[in-house]
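Coordinate inspection notes
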Amino acid sequence: MKAEAEKLGPVKGARAAAVGPVGPVLHADQGPWHRVSRVPILARMRDIRSRASHRGHRIAGVALTLLAVCPAARLAAQTIDTIVVVIHNVYDRKRDAPKLVARVGNALHVPTRAGVVRRTLLVKVGDRCDSAKVAESERALRALTIFRAVRIDTVRVDGRLALRVETDDAWSTIPDFDYASVAGDVLWAVAFTEANVAGTGTALTGRYEKTPDRHSLSIGYSSTGVLGRRTVLTALYKTISDGRSGQWSVGVPFYETVAPRSLTTDGAAATERVLRFLDGRLADSLQHRELRFGLAGGLALQTSPWSYTRLWVGAGWRREDFALAATVPFPRTQLGTVGAGLEFKRVRFQVLENFNSFARQEDVDVSQLLHLGFWAAPRAWGYGPGQAGIGPEARGQVSGLWHGGFAVFRGQAGGVVTGTGVDSVRLAGSVTVASQNLPRETLIFHLEGGGLRRPRPGDEFDLWRDNKGPRLFGAHALTGTRMVWLALEDRVLVRDEVWGLLGVALAPFFDWGGAWYADPVGGSAIAPEPARLGGDAGLALRLGPTRLTITDVGQFAFGYRFGAGLGGGHWAFTAAGNIAY
């Protein structure tokens, strides 16, 4: 394999590697590749489908799709003889960055290794060509977040089929400083991230953060392929000014639509304070101690390139207690649960640019989904007479899409039913409509709501913490067991790339919503209150990186806010992170 890669010779602006029996494979711009015939199957199918959908002719769309599949069917009769991987450095292809920036950026960045790309692909040498698997391979590569762009094409050399995988690296070594100020409440953080250590796809992060409530230092690790080609390992340790916590996860998930099985295990340990707020003020503080282990697995009952039916099972053990910090002796409760259910999904994604980030492809999940299941919490496993019971859960998503836009409806429900009735409930639902049919604009409508009954301490809605709701309100101003949020936004692209570093957009916005306590919170001073609703309208300046593995967009918003508890309207300014829909 290494010898074949060396035969490519010097290739300016890219690294290439190949596997398979074709022999000396050259870069597409050299040698016999000038005789290669490209077969852009995916591009043709997407173009035909989007045109048919745009015109609204369902029958014509089906016919055109069948016509588009014909060359794919002929090609599928052949097997993939070679896989060629071409990796471009950060500033190799898009020449809109200053020469000094491009030269220094490329010199300091270690390009991704071809092996990272190959182990992520869902096809291999000897497989039949499958356009659905090729499209899913593109999504899997983009999901690594280390590439700005990914493209997979089929090519033929002397009658043999080759797959050409071309990627553009994102800058992965990132010293970062975050600052946010909302209605006088300041959050700042200093972080260092290496999202692609030595080109291996492994991520290391370190972050110090100061919020109005506490300060913390965290260290994180994430990798795929260290313990096996599909094995994912993540770990995070966090020390807080009033506690510490850690969590980990390892296993093989359902890494593709037709994956036959999954098995993962995870755990967490924490000793920390849980803060609850009312009207922006600290209303309650409890000590939280937790030790948790979980095991989850699944089995595919039916699969196709576009859908699946899966059986899932899970089990968990935890020792978890909440009490005042001065409580002696501190409670020590051990609990166990087991659950099972079914999940049905018809997979569909829409690829957009300049939606939640700048100058990169974004995969928006517009699949049809139904997830059903239940959890058993028996008395024999630590639950008291008023707590033991069954916990049903349901989650679903339906969508519609058109050329340049989509609408997605999401909902979830869960709770615990005991022998004496309903113990706890969590309900949430949302609708998001986005359109890019106007040039350089992304129009967004989002409506979301939810309700809780007897949530765990700290699980209450907090729109500031969750980065939701009216964006000009201060920290913890809108918290409770009920929430609603309406957002209208027009993200107007000014420049998708400035100096090869960042994108710029303006976004007129209108928000309305809030959160409030509809039920008393046991053991605290929090009592039911009237609905607390407010809103704001204004203009946001959006700035975001275009060449980094981090895609977070910052916004500087100025506008007028109004609503409950403010004593009239106020002009306000905020510098905060992106609201992602």
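Note that this is a predicted model, so its numbers are computed, not measured. (Residues numbered from 1 in each chain as written. Predicted model: local features only at pLDDT ≥ 70, side-chain atom pairs only at ≥ 80, totals over all residues. Heavy atoms only, no water.)

When helices and strands are counted, the chain shows six helices and 29 strands. Burial statistics for the chain: of 581 residues in total, 46% are counted as buried. Sequence separation of 24 or more characterises 58% of the internal contacts of the chain that already satisfy a separation of 6 or more. With an accessible surface of roughly 27700 Å², the chain has 61% of that area assigned to carbon and sulfur atoms. (Helix = DSSP H or I, 4+ residues; strand = E, 2+ residues; numbered from the N terminus. Buried < 20%, exposed > 50% of the residue type's maximum accessible area, 1.4 Å probe, protein only. Contact = heavy atoms within 4.5 Å. Areas by Shrake-Rupley, 256 points an atom, 1.4 Å probe, with all protein chains shown as cover.)

With respect to the element layout, Arg276 can be found in strand S12 (residues 261-278). Assessed through its relative accessible area of 5%, Arg276 is described here as buried. Reaching out from Arg276, the side chain makes a polar contact with the side chain of Asp284 at a distance of 2.4 Å. (Polar contact = N/O pair within 3.5 Å; in protein donor to acceptor, adjacent residues only side chain to side chain.)

Another point: the packing of aromatic side chains. For the structure on display, the rule yields nine aromatic pairs. Pairing Trp312 with Trp375 gives two aromatic rings, centres 5.7 Å apart and planes at 40°, and the pair type is tilted. One end of the pair, Trp312, is in strand S14 (residues 307-323); the other, Trp375, is in strand S18 (residues 368-377), and 63 residues separate them in sequence. Judged by its relative accessible area of 12%, Trp312 falls in the buried class. Consider the rings of Phe355 and Phe406, whose centres lie 5.7 Å apart with planes at 80°: the pair is edge-to-face. In this pair, Phe355 sits in the loop between strand S16 (349-353) and strand S17 (361-365) while Phe406 sits in strand S20 (residues 405-418), placing the two residues 51 residues apart along the sequence. In terms of burial, Phe355 and Phe406 fall into one category: buried. One aromatic cluster in this structure is built from Phe177, Trp188 and Tyr208. (Phe/Tyr/Trp six-rings, centres within 6.5 Å; stacked < 30°, edge-to-face > 60°.)

The next thing to look at is the pattern of salt bridges. Two side chains that carry opposite charge are able to pair once their charged atoms sit near each other. Tallied over the full model, the rule gives 26 salt bridges. Note that Lys133 and Glu256 form a salt bridge whose closest N and O atoms lie 3.9 Å from each other. Placement of Lys133 in helix H6 (residues 131-143) and of Glu256 in the loop between strand S11 (243-252) and S12 is noted, with a sequence separation of 123 residues between them. Under the relative-accessibility criterion, Glu256 is labelled buried at 9%. If you follow the salt bridges from partner to partner, you end up with Arg318, Glu320, Arg456 and Asp459 in one network. (Salt bridge = Lys/Arg side-chain N within 4 Å of Asp/Glu carboxyl O.)

The side chains of a regular strand alternate between both faces of the sheet. When strand S10 (residues 232-240) meets S11, the two strands line up antiparallel, connected through nine bridges. Looking at the pairing, Thr234 lines up with Ser249 of S11. Of the strand pairs in this sheet, S11 and S12 are connected by nine bridges, and their pairing is antiparallel. Bridge pairing links Arg244 to Thr271 in S12. (Pairing = 2+ DSSP bridges.)

Among the nine residues of strand S3 (residues 80-88), nine are classified as buried, and the element is accordingly described as predominantly covered. Where S3 and strand S5 (residues 160-169) come together, eight bridges link them in parallel fashion. Bridge assignment links Val84 to a residue of S5, and that residue is Arg164.

Moving on: the nonpolar core. Ranked by internal contacts, the top residues of the largest apolar core, which has 20 residues, are Phe355, Val364, Phe406, Leu478, Met483, Trp485 and Tyr581. With three residues, strand S25 (residues 482-498) is the single largest residue contributor to this core. Excluding anything up to four places from it in sequence, Phe355 contacts Glu362, Val364, Phe406, Ala434, Gln436, Thr442, Ile444, Arg491, Arg542 and Tyr581. With 19 residues, the next largest nonpolar core counts Val123, Leu141, Ile146 and Phe147 among its residues. (Core = buried A, V, L, I, M, F, W, Y, C linked by side-chain atoms within 4.5 Å.)

A low pLDDT score tells you not to read the predicted coordinates there in detail. For the chain, per-residue confidence averages 84 on the pLDDT scale, and 84% of positions sit at 70 or higher. Low confidence marks residues 1-77, where pLDDT is under 50. Its contacts with residues over four positions away, or in another chain, come to 126 contacts. (pLDDT = per-residue confidence, 0-100.)

Take a nonpolar patch on the surface next. On the surface, Val494, Leu506, Trp512, Leu539, Leu541, Phe556, Phe558, Tyr560, Phe562, Trp571 and Phe573 cluster together to form a nonpolar patch covering roughly 1000 Å² of accessible area. Contributing elements (two or more residues each) for the nonpolar patch: strand S26 (502-516), strand S27 (533-545), strand S28 (554-563) and strand S29 (570-577). With four residues, the single largest contributor to the nonpolar patch is S28. Note that Phe573 resides in strand S29. (Patch = residues over 30% accessible without salt bridge, like charges linked within 9 Å, V, L, I, M, F, W, Y side chains within 5 Å.)

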